[in-house]
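# Inside the fold
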Amino acid sequence: MAKSLRERMMGRTLGADIFPTASDDGAKGPIADSPKVSSMKDGASGMFGPRKEATESLSAVEQLKHSIHRKLIERLDLEALERVTDERLIAAQIRQAVAELLRDESTPLSQAEREELVDQVVYEVIGLGPIEPLFRDPTVSDIFVNGPREIFVERKGKIHRVKATFRNDAHLLAVLDRIVSRVGRRVDESSPMVDARLPDGSRVNAIIPPLAIDGAVVSIRRFGANLGPEKLVEFGAMTADMLTLLRACVKARLNVLVSGGTGSGKTTLLNALSSFIPSAERVVTIEDAAELRLQQEHVVRLETRPPNAEGRGEVTMRDLVKNALRMRPDRIIVGEVRGAEAMDMLQAMNTGHEGSLTTVHANTPYDAIGRLQTMILLGGTNLPDRAMREQISSALDLVVQASRLSDGTRRVTSITEVCGNDGDGVKIQELYRFRRDGVAEDGRVIGEHEPMGIVPHFMDRLKMAGLELPPSLFGA
Ligand SMILES: Nc1ncnc2c1ncn2[C@@H]1O[C@H](COP(=O)(O)OP(=O)(O)O)[C@@H](O)[C@H]1O
Ligand SMILES: [Mg+2]
């Protein structure tokens, strides 16, 4: 059931009060809880900049925020606003009302403080409260909320604690409820765990008490909008030469498997690679939770569906791959192969859908191929070993290995050609690697990308596609 704007604004649907009373504030409320307050004063949380006054004035501002929030609910014509579907219009109306209410307040505020307060009340009323600024910060890749008092973010591979906090458990739950109800999910005692994709492509997982012992835990993986291929080179994930090679391989319709551990940057790489697909081609993407953002015009996006509460209605990756084959795609992109769909994907790569891309969870290119074999076996195909290796080696052309190094940086640690199949197994050869030389005192990993001096077998195919590369690109 959709929530009314009044419910959303008041956060009352969870049966708790997100406005702490005076006694809450004094005795156990987060505002007056001294250690946090002193850290909040100097403002990275966007509280009020370097405000020098002590706890009282801070909570005075907090009080002001609450009082404006409350007055706002009395004042706004919620029924009329309810009919406005454009969130931006609602935000504009609220912004104006807050500004007017502030004018009547006696608390002296500078222009900057006033603007910040307006922002905060708006975030509070229709946004995500204290985590909204983090959401708007393009350098933040992940947001972790461990109960109301602890919020961490990841920037450039490093996790930092931020000073923002929620007021209390109810406040956190109200914001969480707002996040998930936007995408038609709910989180409460009967469904204490939820996994959802937000409209901007970010993914969120939440688990609430009593399963999470110290308060609701929310993990948000932002959609990495700013990591296109050029950015990956700029950030040192690969060299310009490696990118040139990958671009040529995608354009020439080689089949590419991206391999890596969790959070190693597989999806980011897949997105970057897919940007090289010519826009005239018909592409079908298949994912568990749509994270791919293809720029091409002609893209069909499919998403799997988990079974419902009665265990029915599941649509698997395999179902979707099979269906995709009937949709006359030029290429198929599978977000991540995990099971039986591996076989179907390889078959697709072998039969007219060259240039398909996917990822797999593995730590080396060698392991990636082993994982594919395991998936095919577990998928119940009665293929003899030899035929299976045949299938893999003729389908795959390239494995791109992504890794998250010990210093938090993500790098392409190997680009490996799959060059055939002899009696013993699938033959691979490395074209590029990241050579690790050591670790600096500050923990930074020292090393560099280098070509292995080997010209790949697929050079002919690049040539035929008019994408000739100089042997020097491979260090040969
Ligand atoms: N080269 C990179 N440099 C910095 N951050 C990166 C890089 N590649 C990926 N990331 C970030 O790392 C996180 C995990 O990346 P993702 O591609 O989702 O990993 P995976 O699919 O392997 O789990 C994302 O927040 C993403 O924006
Ligand atoms: Mg991924």
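The structure under discussion appears in the preceding block.
The structure reproduced in this document is the subject of the present report.

The rules behind each value
Residue indices begin from 1 for each chain and proceed along its sequence in written order. Key to labels: chains lettered from A, ligands numbered from 1, both in the order written. Owing to the predicted nature of the model, reporting of local features is limited to residues with pLDDT of at least 70; listing and counting of side-chain atom pairs is limited to 80 or more, with chain, interface and lining totals taken over all residues. Under the scheme used here, helices are H or I runs from DSSP no shorter than 4 residues and strands are E runs no shorter than 2 residues, and both carry numbers assigned from the N terminus. To sort residues by exposure, count the other C-beta atoms lying within 10 Å of each residue's C-beta; 20 or more gives buried, 12 or fewer gives exposed, and values between give partly exposed, all with C-beta atoms placed from the backbone. Any two strands with at least two DSSP-identified bridges between them are counted as paired. Axes here mean lines fitted to C-alpha atoms, for a helix over just the part in contact, with angles spanning 0 to 180 degrees between N-to-C directions. Here contacts are defined at the residue level, using C-beta atoms placed from the backbone and a cut-off of 7 Å between them. The length a helix should cover is 1.5 Å for every residue beyond the first. The directions from the helix axis to the C-beta atoms form the arc being described. We define the nonpolar core as any set of buried residues of the types Ala, Val, Leu, Ile, Met, Phe, Trp, Tyr and Cys, connected via C-beta atoms lying within 7 Å of each other. The scheme is simple: roughly parallel for angles under 35 degrees, roughly antiparallel for over 145, roughly perpendicular for 65 to 115, oblique for anything else. Working rule for handedness: look at the near helix, and if it is turned counterclockwise from the far one by less than a right angle, call the crossing left-handed; if clockwise, right-handed. Polarity classes work like this: nonpolar for Ala, Val, Leu, Ile, Met, Phe, Trp, Tyr, Cys and Pro, charged for Asp, Glu, Lys and Arg, and polar for all others, with Gly in that last group.

Moving on: unusual backbone geometry. For the bond from Pro209 to Pro210, the omega torsion is 5°, close enough to zero to count as cis. Its place among the elements puts Pro210 in the loop between β5 (203-207) and β6 (217-221). Unusually for a residue other than glycine, Arg253 sits at a positive phi of about 65°. Structurally, Arg253 can be placed in the loop between α11 (240-251) and β7 (256-260). For Arg328, which is not a glycine, the phi torsion comes out positive at approximately 50°. Among the residues examined, Arg328 registers 10 C-beta atoms within 10 Å and is labelled exposed.

This part takes up the sheet that holds β5. Taken together, 6 strands build an open sheet; the order of strands is β3-β2-β1-β6-β5-β4 and the sheet is antiparallel. Across the chains shown, the open sheet's two edge strands, defined by having one partner strand only, are β3 (158-162) and β4 (193-197). With strand direction ignored, the average angle separating the axes of adjacent strands in the sheet is 15°. Sheet topology places strand β1 (residues 140-146) next to strand β2 (residues 151-155); 5 bridges connect them, and they run antiparallel. Across the sheet, residue Val140 finds its bridge partner in β2, namely Arg155. Against the sheet, helix α9 (residues 169-181) engages β1, β4, β5 and β6, with an angle of about 140° to β5.

Bringing the sheet that holds strand β10 (residues 331-334) into the picture now. In space, the 9 strands of this open sheet follow the order β9-β8-β10-β11-β7-β12-β13-β14-β15, with mixed pairing throughout. The open sheet has two edge strands, β9 (299-303) and β15 (445-451), and neither has a second partner. Direction aside, neighbouring strands of the sheet carry axes that sit 25° apart on average. In the sheet, strand β12 (residues 398-404) pairs with strand β13 (residues 410-422) via 7 bridges, with the strands oriented antiparallel. Looking across to β13, one finds that Leu398 is bridged to Glu417.

The next thing to look at is helix α15 (residues 365-378). The terminal C-alpha atoms of α15, which comprises 14 residues, lie 20 Å apart, in line with the 20 Å expected from a rise of 1.5 Å per residue. Of the residues making up α15, those classed as buried are Pro365, Ala368, Ile369, Leu372, Met375 and Ile376. Projection of α15 onto a plane perpendicular to its axis shows the buried side chains occupying an angular sector of 120°, all on one side. Residues of α15 that are exposed and point over 90 degrees away from its buried face: Thr374 and Leu378. Immediately beyond the C-terminal end of α15, within one or two residues, lies Gly380, with a positive phi of roughly 85°.

A few words now on the nonpolar core. Formed by 60 residues in total, the largest nonpolar core has its most connected members in Val256, Val321 and Val400. Not counting residues within four places of it along the chain, the set of residues in contact with Val400 comprises Leu246, Val256, Val258, Leu269, Val412 and Ile415.

Here the focus is the packing of helix α6 (residues 87-103) against helix α7 (residues 111-126). At their nearest, the axes of α6 and α7 sit 9 Å apart, and the two run at 130° to each other. Judged on the interaxial angle alone, α7 and α6 are oblique. Judged by the twist between their axes, the crossing of α6 over α7 is right-handed. Residues Glu87, Ile90, Ala91, Ile94, Arg95, Val98, Ala99 and Leu102 of α6 form the contact with α7, whose participating residues are Arg114, Leu117, Val118, Val121, Val122, Val125 and Ile126. Of the residues assigned to the contact of α6 with α7, the class counts are 12 nonpolar, no polar and 3 charged.

Next up on the list: α6. With 17 residues, α6 should cover 24 Å at 1.5 Å per step; its first-to-last C-alpha distance of 24 Å lies within 8% of that length. All of the buried residues in α6 are Ile94, Ala97 and Val98. Taken down its axis, α6 places every buried residue within 105° of arc, on the same side. The outward face of α6, more than 90 degrees from its buried face, is lined by the exposed residues Arg88, Leu89, Gln96, Glu100 and Arg103.

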